[in-house]
Amino acid sequence: MSFGFGPPGTLARVMRHLSPSHWCQSRGLGHRATANTNTVNLNTIGEKGDDFETSVIFIHGLLGSSSNFRSVMKQCSVRSTKSTGLASMGSSMARPFYSVDLRNHGASPHVNGPMDPRVLAEDVIRLMDDYDIDIAMLVGHGLGGDTAMAAALWHGDRVDRFMSVEPLIGTATAEQCSTGLTHVVKAMRTVVLDDIHTRADADTMLAASGIGDQALRRFALQNLVMAGADHGGPRWRVNLDALAEDYTLNGVTLIELGLDGIKSNAAVVFEGDAVFVFGELSDRADMTAHSTALCQLFPASKSTSVVSGHWVHLERPSEFVEEVMKFIDR
């Protein structure tokens, strides 16, 4: 099922020479001067591509990691490979794909401070600087979707187009904005790591803390590293203190920030292609309540839905890959 927020509009394609010359596998890059000195160096995994193809960057949601998109990224990389005149020699062209760990997640730095989408978007822009990527397509889920939206609004010259999957702040109710998965974060903080001998022990503690959904507990436990005593013992792969205390926009949603910018004549409207993907079985998004605002901020945006819950890419991977490929080939 598909429906649009507004007229399709057009975007003049920018002539560019992209050179993401760094082929990375779960590593960060050296520091480089950027406009925002408060950014962090994001850990990244990637699928090698050719310099002249526009890069695609996947951005996970709260409590996720770069590995959430590993399978999707590989499938998209294979499907986006184009035969060339050198095909008989085994040569091909492929688009570069990357997936990041947001700050306070995975192998990216764990730091204190704000976790709102504008801050996270600055980290993504720094990553693009470090990889010599002038402009990219962004695909984000949940908090990552809001990060992609923020990057497009405040760094529109660096974003070719974006796909926001089940965005949280832009589409959720005020109550959902303030809680989201934070109840899971709170439950994770109650786990006594010193008392854990097996992953099942941690699962039992999460269940006792009120996380009755086994699938949700499994999702949370993907962040548990079962290291031996000689390596410090069990630990969380996420900075729970920062996520519990600093995942906030101080009561102001991303959409409200954008609309305030329009009123004050700030250049925050993104006129490029934008696709919103929602899970029809998800309880997070009310499309009709935000369609007018989204059309104002993203006049060329369109929307589609998939029969799934919030984790579209995990629940319906094949359908999600199809949506991503349509997005890339627009």
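Going along each chain's sequence as written, the residues are numbered from 1 onward. pLDDT decides what is reported in this predicted model: residues at 70 or higher carry local features, side-chain atom pairs at 80 or more are listed and counted, and totals for whole chains, interfaces and linings draw on all residues regardless. Derived side-chain values reflect all non-hydrogen atoms in the structure, with water molecules and hydrogen atoms excluded from consideration.

## Some words on the overall build of the chain
Part 1 of the argument: Helical segments are the DSSP runs of H or I of at least four residues, strand segments are the runs of E of at least two, and each set is numbered from the N terminus. From N to C terminus, the chain includes 12 helices and 13 strands.
Part 2 of the argument: Here's how the labels work: a residue is buried when its accessible area is under 20% of the maximum for its type, exposed when over 50%, partly exposed in between, all with a 1.4 Å probe on protein chains only. The 330 residues of the chain split such that 54% are buried.
Part 3 of the argument: For the chain, the proportion of contacts with a sequence separation of at least 24, taken over those separated by at least 6, is 76%.
Part 4 of the argument: The Shrake-Rupley method, run with a 1.4 Å probe sphere, supplies the accessible areas, and residue values consider only the shown protein chains as cover. Summing over all exposed atoms, the chain offers an accessible surface of approximately 14500 Å²; the carbon and sulfur share of this is 51%. Residue contacts follow a heavy-atom distance rule, with two residues in contact if any of their heavy atoms lie within 4.5 Å.

## Regarding the pairing of strand E7 (residues 97–100)
Moving residue by residue along a regular strand, the side chains alternate between the two faces of the sheet.
Part 1 of the argument: Residues Phe 97 and Ser 99 of E7 are buried on one face, and the alternating residues Tyr 98 and Val 100, pointing to the opposite face, are buried as well.
Part 2 of the argument: At least two DSSP bridges between two strands are required for those strands to pair. Examined bridge by bridge, strand E3 (residues 44–47) and E7 share four bridges and lie antiparallel to one another. Among the inter-strand pairings, Thr 44 is bridged to a residue of E7, identified as Val 100.

## Quick notes on the side chain of His 155
Part 1 of the argument: With respect to the helices, strands and loops of the structure, His 155 is situated in the loop between helix H3 (143–154) and strand E9 (159–165).
Part 2 of the argument: On the basis of relative accessible area, His 155 is assigned to the buried category, the value being 18%.
Part 3 of the argument: Setting aside chain neighbours within four positions, we find His 155 in contact with Glu 122, Ile 125 and Ala 150.

## As for the confidence of the model for the chain
Residues shown with low pLDDT carry predicted positions that ought not to be read at fine detail.
Part 1 of the argument: Across the chain, pLDDT averages 79, with 72% of residues at or above 70.
Part 2 of the argument: You can read pLDDT as the predictor saying how much it trusts each residue, on a scale of 0 to 100. Note that pLDDT drops below 50 for residues 1–36; the model gives that stretch 101 contacts with residues more than four away or on any other chain.
Part 3 of the argument: Considering only residues more than four positions removed or in separate chains, one finds that residues 83–91, a stretch of pLDDT under 50, has four contacts.

## Considerations on unusual backbone geometry
Part 1 of the argument: Positive phi outside glycine occurs at Leu 63, with the angle close to 75°.
Part 2 of the argument: Take Leu 63: it is sitting in the loop between strand E4 (55–59) and helix H1 (70–80).
Part 3 of the argument: Overall, Leu 63 belongs to the buried group, its relative accessible area being 2%.

## Examining the pairing of strand E12 (residues 273–279)
Part 1 of the argument: With seven of its seven residues buried, E12 lies for the most part within the structure.
Part 2 of the argument: The alternating pattern of E12 places Asp 273, Val 275, Val 277 and Gly 279 and Ala 274, Phe 276 and Phe 278 on opposite faces, both of which are buried.
Part 3 of the argument: Across five bridges, the pairing between E9 and E12 is parallel. Bridge pairing in E12 places Arg 161 opposite Asp 273.

## Here's the deal with the nonpolar core
Part 1 of the argument: The biggest cluster of nonpolar side chains holds 59 residues, and the ones touching the most others in it are Ile 57, Leu 63, Leu 138, Phe 162, Met 188 and Phe 298.
Part 2 of the argument: Among the elements that take part in this core, H3 stands out by supplying seven residues, more than any other.
Part 3 of the argument: The contact partners of Ile 57, leaving out residues within four places of it in the chain, are Tyr 98, Val 100, Leu 127, Met 128, Ala 136, Met 137, Leu 138 and Val 139.
Part 4 of the argument: One finds Phe 97, Val 139, Val 165 and Val 275 within the second-largest nonpolar core, a separate group that totals 22 residues. For this analysis, a nonpolar core means a set of buried residues of the types Ala, Val, Leu, Ile, Met, Phe, Trp, Tyr and Cys, connected via side-chain atoms within 4.5 Å.

## Describing the packing of helix H2 (residues 117–130) against H3
Part 1 of the argument: Where H2 meets H3, the axes come as close as 8 Å, and the angle between the chain directions of the two elements is 75°. Here H3 runs roughly perpendicular to H2, going by the angle between their axes. In this structure, H2 uses Pro 117, Arg 118, Leu 120, Ala 121 and Val 124 to contact H3, whose residues at the interface are Leu 143, Asp 146, Thr 147, Ala 150, Ala 151 and Trp 154.
Part 2 of the argument: The residue inventory of the contact of H2 with H3, partitioned by class, reads eight nonpolar, one polar and two charged. Whenever a helix is involved, its axis is fitted only over the stretch in contact; in every case the axis is a line through C-alpha atoms, and angles between N-to-C directions fall within 0 to 180 degrees. Should an angle lie under 35 degrees it is considered roughly parallel, over 145 roughly antiparallel, and from 65 to 115 roughly perpendicular; all remaining angles are considered oblique. Amino acid classes used here: Ala, Val, Leu, Ile, Met, Phe, Trp, Tyr, Cys and Pro are nonpolar; Asp, Glu, Lys and Arg are charged; the rest, including Gly, are polar.

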